[in-house]
Amino acid sequence: MINIKDNLDKIKAQINQACQQSGRNSNEVKLLAVSKTKPASDVEQAYLAGQTDFGENYLQDALEKITQLSHLPQITWHFIGPIQSNKTKHIAEHFAWVHSIDRAKIALRLNDHLNDIDSQDTPLNICLQVNISEENSKSGLSIEEILPLAEQVNQCKNLCLRGLMAIPEKNASTETYQKMQQLFNDLQQRYPSVDTLSLGMSNDLAPAIAAGSTMVRIGTAIFGARA
Ligand SMILES: *Cc1c(COP(=O)(O)O)cnc(C)c1O
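Summarised in this report is the structure supplied together with it.

What counts as what
- Residues numbered from 1 in each chain as written.
- Predicted model: local features only at pLDDT ≥ 70, side-chain atom pairs only at ≥ 80, totals over all residues.
- Heavy atoms only, no water.
- Buried < 20%, exposed > 50% of the residue type's maximum accessible area, 1.4 Å probe, protein only.
- Helix = DSSP H or I, 4+ residues; strand = E, 2+ residues; numbered from the N terminus.
- Pairing = 2+ DSSP bridges.
- Right-handed = clockwise from strand over helix to strand, strands pointing away.
- Core = buried A, V, L, I, M, F, W, Y, C linked by side-chain atoms within 4.5 Å.
- Contact = heavy atoms within 4.5 Å.

**Points about the pairing of strand β2 (residues 53–56)**
Item 1. Both faces of β2 are covered, namely the face carrying Asp-53 and Gly-55 and the face carrying Phe-54 and Glu-56.
Item 2. Pairing analysis gives 2 bridges linking strand β1 (residues 30–34) to β2, with the strands arranged parallel. By the bridge assignment for β2, Ala-33 is matched with Phe-54.
Item 3. What joins β1 to β2 is helix α2 (residues 40–48), and the crossover it makes is right-handed.
Item 4. Two elements, β2 and strand β3 (residues 76–79), share 4 bridges in a ladder whose sense is parallel. Residue pairing for β3: Glu-56 is matched across the bridge by Phe-79.

If you want it as structure tokens, here you go:
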């Protein structure tokens, strides 16, 4: 049996330790609990243990949970998976953050949908996904594509450019993490709204935090292995 509360405590201890080792304050790193494929009851358990931010990859799976858990007032949903353009309406409606933007078309569609949603007075928070290890199989921008897309997002009135997201390849080098840190710092110099480096998962939280991550996305270490 996995105990979600114990797992959250363990992850928070790991985050604290990694922060200490790199001379950072642990309140600089936010924990995003990745609940993809897991039932709403698991999300609720984590919520009752104090976790408020949850990441989802699959729209249908996510929408069911969002509906079932609409009674939890503080819950914040983050979309972190690849986005097809026919899914943007629901994402704009139901999520507070999107970490996986790598095409202008998707950003513009999200922005347009938000024009039609009256209740949405706060902008949708956006991270641009960078394919930092240049893997053919992975989504994300190449380095040269970051600034042009950042400018487009910055000009969308219903979007708020918050930063960068990446999934480094397995056993990526320290230089890979440092490159992300550099790209993040460069973006922060240009846009005052940028404050988020979404980097680090269950297996690479420490190198990510050493490289300045401000948000780690943890699934397996909280909810157990996925089927
Ligand atoms: C699944 C997923 C995670 C969580 O990965 P774990 O290894 O289970 O911690 C984080 N980020 C993204 C984009 C994911 O798709």
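**Looking at the nonpolar core**
Item 1. Residues Ile-101, Leu-110, Leu-128 and Leu-164 are the most contacted members of the largest nonpolar core, which totals 67 residues.
Item 2. Residue contributions to this core peak at 6 residues, all from helix α1 (residues 4–21).
Item 3. Those residues in contact with Leu-164, other than ones at most four positions away along the chain, are Cys-127, Leu-128, Val-130, Ile-146, Met-180, Leu-183, Phe-184, Leu-187, Thr-196, Leu-197 and Ser-198.

**Focus on the pairing of strand β4 (residues 97–101)**
Item 1. Of all 5 residues in β4, 5 are buried; the element is thus mostly enclosed.
Item 2. Running through helix α4 (residues 88–94), the crossover from β3 to the neighbouring parallel element β4 is right-handed.
Item 3. Here β4 pairs with strand β5 (residues 124–130) via 3 bridges, running parallel. Directly across from Ile-101, in β5, lies its bridge partner Leu-128.

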